Each structure stands twice: as C-alpha cells, then as structure tokens.
Amino acid sequence: MRPFSYERARSPADATAAAARVPGAKFIAGGTNLLDLMKLEIENPPHLVDLGGLGLDKVEAKPDGGLRIGALVRNTDLAADTRVRRDYGVLSRALLAGASGQLRNKATTAGNLLQRTRCPYFYDTNQACNKRQPGSGCSAIGGFSRQHGVLGVSDACIATHPSDMTVAMRALDATVETVRPDGKVRTLPVADLHRLPGTTPHVETALAPGELITAVELPKPVGGTHVYHKVRDRASYAFALVSVAAIVQRDGTGRVALGGVAPKPWRVEAAEAELPRGARAVTAGLLAGARPTRENAFKLRLVERTLQAVLAEAKGAKP
Amino acid sequence: MLQERDWCDMADDPTTVDDRVDDKTARAADALEITRRELLVIGAFSAAAAATPPAEAQAQARASTPPIRLPVMSKLSLTVNGKAHALELDTRTTLLDALREHLHLTGTKKGCDHGQCGACTVIAGGRRINSCLSLALMHDGDSITTIEGLGTPARLHPMQAAFVKHDGYQCGYCTPGQICSAVAVLGEIKAGIPSHASADLLSRPKATPAELRERMSGNICRCGAYSNIIDAMSEVAGRQA
C-alpha cells in the first residue's frame, strides 16, 4: 500500500471540500473493497476522506410512502430493516445473498453501489486492463472469461458489476442522491449511475470528481412477490454467474433485473411486458444484443432457466 | 475481495474438468508463442504502468526524480478487550496489524489479508468484521474484542469450550476467527437478523444447522472441521435458548 494522508470528515460539505482539495483523494466508508485494491496498488489515493463520522446511517420513511436509505447504512442493517423485509423483500434477499456476514457488517449502501469489478484481469497488475490502465488492452477478451459479461460489453472491456444489492435497487426504481463540491444536490435514477464501458471502461459512473452519494431513495412499495435468485459456483460467499431480481404481481405482470451478466444491473422495461407469457418470451427481449464469449455463452441459457425458476417460485408463493 | 478459490470451479464439475484443463493448457501454450522481444516490451510496459499513475507520470515529466510519498503517522486510541491503548501508527496500518504487530495480540490471525478467509475476524463495536480490511484509524475510539478477550485457558468462553469438546479444528489457524465469528453469529440470530438461509424474512431466525452454515461461510477452514464447528455452535445455541 502506498502512503496516504487521512482525515475524518465532519459533514458532507466537509467531505466534498476535502475531496476537491486533494487531486486523487478518495472517500472511504466501509473500506472492504477500497482497502483490498489499495493493498494491491490498483488504487493509490494520496488522501483518504473517512465518512464514518457523517451519520447518514439511518433508514427513514418518506412522506410519499417510500424509504430514504442513508449512504452509510450497513448492508446488514439494511437487509434486517423491518420495512425493507416487509415491503422490499427483493432488496433484503439480494443483500443477504452477497458477501459474508463480516463483510456485510462493514460494507455500506453507497460503497456497495460504487464497488469495482472483480474481473481477475483487473486485479492482476501484470495483465492488460483498460479499466485499470486506460489504453493497455483487455486480457479478459480471449482469456478466461467464464465469469464475464454478455450484455453491454465492448471491445475494450467485458467486466461485470459485482453487486447484488444494486440489481434489486434497479428493479425497485431506486434513485441516488448526491452532493457535489460546489454544494449542488442532485438525484439520478440508479439506472443512470453506472456507465457502459464503450471505449472508456475506466469511467465507471456518472459521478463528477468529489461528488458524494448521500442517500438512496426507494419509491413507495409496489407489492407483489419479491424474489432474488442468485446462481453461483458455491452455495454461499461467491459472486453471481447470473442473478435475477424479480417483483411479480398476481396477474403475472412485473419487473425483472439481471446481475452477473453486464457492467451494470440489466433491465429492459420493454421486455417485461412479456412476463405473463413466461420466461422464454421475456428472455428474448432481455438478452437482445448479447455478445457472449465461447466460455460464458452458457449464461444466456442460464438467464432463461433462472427466470423460469423465479417465475415458478413467484406463482407458488402464498398470496 | 476477489472471488476466492477460482481453481475450485474446475474441480467442482467432474464432467468437464478434463476438457477444460486440456483447453486451457492449449491456450496457455498459444499465449506463450510470442517473441522474446515482445515479452521484454510487455514486461517493461506493465512495470511502468503498474508503478506510474497518470498524475505521478506528469510530475515525473517535470522533475527528474520520481515523487516519493512519505509515510504519514497518526494518533488514535483503541479499547481492546477492555483495556485502553493510545497508539501512533502509519495511516496504512490495518486493524489486524495494529492488534498483532503493535499490541502483540497475536491470537487474531492473518490468513489471506484480503477479506476472503475470515481468520482475522474480530468483534468491533459489537459486530464481527474482517480486521484485515479495516484501517486501525477507522476504529479510533472503538471497543474491540479479540479471541484473547473472550476467554482465558483457565476460564474458557462457552464457545471455546464447545470447540474443544467437539474437536472444531485441526491445525487451529482459523480457529480464533471461527470462534469470534461463531459468538457473533449467535448474537445476530438472537437479534433477529435474517440470512440467505432464512426461509421467511418476516419470522425470527433459528439456530438451525442450515442457518449456521450459511452465516459461517465467511470463515474458511482448510482442515475441513466444518461439521464439528456446527456441532459446537449448535450446543452453545441450545444452551442459550
């Protein structure tokens, strides 16, 4: 790890000002991803701004019936919140399917959104990676790509976004609230937070330098049966090969978002109209434009089969 | 945290393992067919790439000597197993290294140092965490419980006694992390925190073997003492219920 200076921010304004003051400074919340990357010298911030003192760790009811989740709410606490368990079950399920108990106790809501890919070529500094070193190439393309993306990928990068939580938030139409160093507050749909790689895979989000996520908001509950199904190489503590977040209503309509297949949670609203007709009908639209490699083409069939299992589970669920 | 044990993926699928190994070996051989000159160029490029972030590259262009960041020291206090400590540490010091190297509490183990194995599990502010993935500075003012704080050889914590009784270890390296995790897991179940194994999100979870297995998945035991660990935990959970 390279040496760095460190400060504890007292307020969001304090944090963004500190980040703007030192070029390359990073916010640190739980640190479970950033410190891992710093040990490998993939991330080398000269200055860390610790957000631990900001508060922002409450889940609050909104007047419109939705929930406001502070950026620093721990994954364990969000998954265990009684309102989330009752009204946004897909989010609890997604959180509980991710990482380990120890990591969920540390990892935060905003940190989970902004975690970086687990592509092994991104992690191996001896390999070319356009995300880590822009212009150096992509060793995953033509490499071992079983875990990699099949949708939204480019000739520069085929990495996936590893979060489970974000997939559920995408299905729930969550919005992200941020504040910038100039004090401007904005909200953006979680759908617009992550960028597709295109020719600039190192630019991963729509956030400006020094912009701080302060909260995630969920609209009022939409009811229905909530299912999060994660297919992985082990029963626990592994990243998804494919995951499906679904909210299915009694009439068979609903929403579906995919994880493990793209650089961001993958949802195609137009394809959801086919939900009452079953998994195959939806999958055709969901997977339109897929660009699998020889090693990860299995993900296309796995998406359909997982969605089929999810719809069967939703149908069999008690009303 | 990288996906751990990627090599296991191949072994897990007996129907395709030979196929894949052959395939991968063949492609590895292809990849080696580059000239010595290409190899040197690639090596030089990746060494420079790894060592030089863009901002520093610009600074280097201006000055002939590369910028060197000097270690930064910072003061903090930690209460570990009930005892207050004032420390002055390099900002890079993890909680794990602060415990082991500075406070000489070597019961907490360093396994992978990347949050994958759980050997470094301690209880910070009442929650189990991977002490390797946390800076000591992030815990300024916190209370930490390590394996040394749970019990002593003369007065074992009930979980320690149950691990001994049920042979919940072989080499013992992962054991301090397993025990800290196990103690916290029973607390999490008592607090009603659900898990991936909970059939119903709205009912109180119970300390069933399936629940315990899922909740302990962040603690790896290479000796494979898992079933005995579950037995030890079940006994303690049964006594607490």
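For the structure itself, consult the block above.
Residue positions are given per chain, counted from 1 along the sequence in the order it is written. For this description, chains carry letters from A and ligands carry numbers from 1, given in the order in which they are written. Reporting in this predicted model follows two pLDDT cut-offs: at least 70 for local features of residues, and 80 or more for side-chain atom pairs to be given and counted; totals over whole chains, interfaces and linings ignore these cut-offs and use all residues. Side-chain numbers come from the whole structure's heavy atoms, not from hydrogens or water.

Here's the deal with the overall build of chain A
Our working rule: Only DSSP runs of H or I reaching four residues or more are called helices, and only runs of E reaching two or more are called strands; each is numbered from the N terminus. For the radius of gyration, the atoms used are the C-alpha atoms, and the globule rule reads 2.2 Å times the number of residues raised to 0.38. Remark: exposure states derive from per-residue accessible area (1.4 Å probe, protein chains only) relative to the maximum for the residue type, with buried under 20%, exposed over 50%, and partly exposed in between. Throughout, a contact is declared for two residues whenever any of their heavy atoms are within 4.5 Å. Values of accessible area rely on a 1.4 Å probe in the Shrake-Rupley scheme; residue burial ignores everything except the protein chains shown. In this charge count, Lys and Arg are treated as positive and Asp and Glu as negative; neither His nor the chain ends contribute. Charge coordinates come from a single atom per side chain, which is NZ of Lys, CZ of Arg, CG of Asp or CD of Glu.
From N to C terminus, chain A includes twelve helices and eleven strands. The C-alpha radius of gyration of chain A comes to 19 Å, within 12% of the 20 Å expected for a compact globule of 319 residues. Principal-axis analysis of the C-alpha atoms places the extent of chain A at approximately 55 × 50 × 35 Å. Counting across all 319 residues of chain A, residues that qualify as buried make up 61%. Restricting the contact set of chain A to residue pairs at least 6 apart, pairs at least 24 apart contribute 62%. On chain A, roughly 12000 Å² of surface is accessible, and the fraction owed to carbon and sulfur atoms is 52%. Looking at charge distribution, chain A has the averaged site of its 43 positive side-chain charges lying 4 Å from that of its 30 negative ones.

Examining the sheet that holds strand E4 (residues 59–61) of chain A
Residue and element names in this part refer to chain A. As a reminder of what qualifies: A pair of strands is considered paired only if DSSP assigns at least 2 bridges between the two. To obtain each axis, a line is fitted to C-alpha atoms, and for helices this fit is confined to the stretch in contact; angles are then taken between N-to-C directions over 0 to 180 degrees.
The strand order across the open sheet built from five strands is E4-E5-E8-E6-E7, with neighbouring strands paired in antiparallel fashion. Only two strands of the sheet have a single partner each, and these edge strands are E4 and strand E7 (185–189). Shown here is a sheet whose adjacent strand axes are inclined to one another by a mean of 25°, direction ignored. Where strand E6 (residues 175–179) meets strand E8 (residues 212–218), five bridges bridge the pair, whose relative direction is antiparallel. Within E8, the position partnered with threonine 175 by the bridge is glutamate 217. Lying over the sheet, helix H1 (residues 12–21) contacts E6 and E8, oriented at roughly 135° with respect to E8.

Quick word on the sheet that holds strand E11 (residues 254–259) of chain A
Residues and elements named next belong to chain A. The strand order across the open sheet formed by three strands is E9-E10-E11, and the pairing between neighbours is antiparallel. Edge strands, defined here as strands with exactly one partner in the open sheet, are strand E9 (225–231) and E11. Averaged over all pairs of adjacent strands, the angle between their axes in this sheet comes to 10°, without regard to strand direction. As paired strands, E9 and strand E10 (residues 242–248) are joined by seven bridges and run antiparallel to one another. Along E10, the bridge assignment pairs histidine 226 with isoleucine 247.

Details of helix H10 (residues 226–240) of chain B
Residues and elements named next belong to chain B. The condition that has to hold: Residue count minus one, scaled by 1.5 Å, sets the expected span of a helix. This arc describes the spread of directions from the helix axis toward the C-beta atoms.
Its 15 residues give H10 an end-to-end C-alpha distance of 21 Å, which sits within 8% of 21 Å, the value for a rise of 1.5 Å per residue. Where H10 is concerned, the buried positions are Ile229, Ile230, Ala232, Met233, Val236 and Ala237. In an axial view of H10, the angular spread of the buried residues amounts to 160°, which keeps them on one side of the axis. Residues of H10 that are exposed and angled more than 90 degrees away from the buried face: Ser227 and Arg239. Of the surrounding secondary structure, the elements contacted by the buried residues of H10 are helix H7 (158–166), helix H8 (175–190) and helix H9 (209–215).

Focus on the interface of chain A and chain B
Basically, it comes down to this: Once two parts are brought into contact, the accessible area they lose, counted with a 1.4 Å probe and summed over both, makes up the buried area. Criterion for a salt bridge: a side-chain nitrogen of Lys or Arg within 4 Å of a carboxyl oxygen of Asp or Glu. Contacts described as polar in this section are N or O atom pairs within 3.5 Å, which, within protein, must combine one atom able to donate a hydrogen with one able to accept it, while residues neighboring in sequence count only if both atoms come from side chains.
Tallying the contact residues gives 62 residues for chain A and 60 residues for chain B. Taking both sides of the interface into account, the surface hidden between chain A and chain B amounts to around 5200 Å²; carbon and sulfur atoms contribute 51%. Contact with chain B buries surface across chain A, with Arg85, Gln102 and Tyr237 of chain A losing the most and accounting together for 14% of the total. Here chain A and chain B share two salt bridges between them. A salt bridge links aspartate 77 of chain A to arginine 127 of chain B; the nearest nitrogen and oxygen atoms lie 2.6 Å apart. Put simply, chain A and chain B have 27 residue pairs in polar contact (both at pLDDT 80 or more) between them.

Overview of the packing of H7 of chain B against H8 of chain B
All names here are of chain B. The criterion, for reference: Each angle is binned into one of four classes, with values under 35 degrees roughly parallel, values over 145 roughly antiparallel, values of 65 to 115 roughly perpendicular, and all other values oblique. Crossings are sorted by hand: turned counterclockwise from the far helix by less than a right angle, the near helix makes the crossing left-handed, and turned clockwise it makes it right-handed. As a working rule, the residues Ala, Val, Leu, Ile, Met, Phe, Trp, Tyr, Cys and Pro are called nonpolar, Asp, Glu, Lys and Arg charged, and the rest polar, with Gly in that last group.
Contact pair H7 / H8: the axes reach a minimum separation of 10 Å and the direction vectors enclose 125°. What the angle tells us is that H7 and H8 run oblique. The interaxial crossing formed by H7 with H8 has right-handed handedness. Here Met159, Gln160 and Phe163 of H7 lie close against H8, whose contacting residues are Thr175, Gln178, Ile179, Ala182, Val183 and Leu186. Tallied by class, residues from the contact of H7 with H8 come to six nonpolar, three polar and no charged.

Quick word on the side chain of serine 198 of chain B
Position of serine 198 of chain B among the secondary structure elements: in the loop between H8 and H9. A distance of 2.7 Å separates polar atoms of two side chains, one belonging to serine 198 of chain B and the other to glutamate 211 of chain B. Setting aside anything within four residues of it in sequence, one finds serine 198 of chain B in contact with Arg93 of chain A together with Pro205, Glu211 and Arg215 of chain B.

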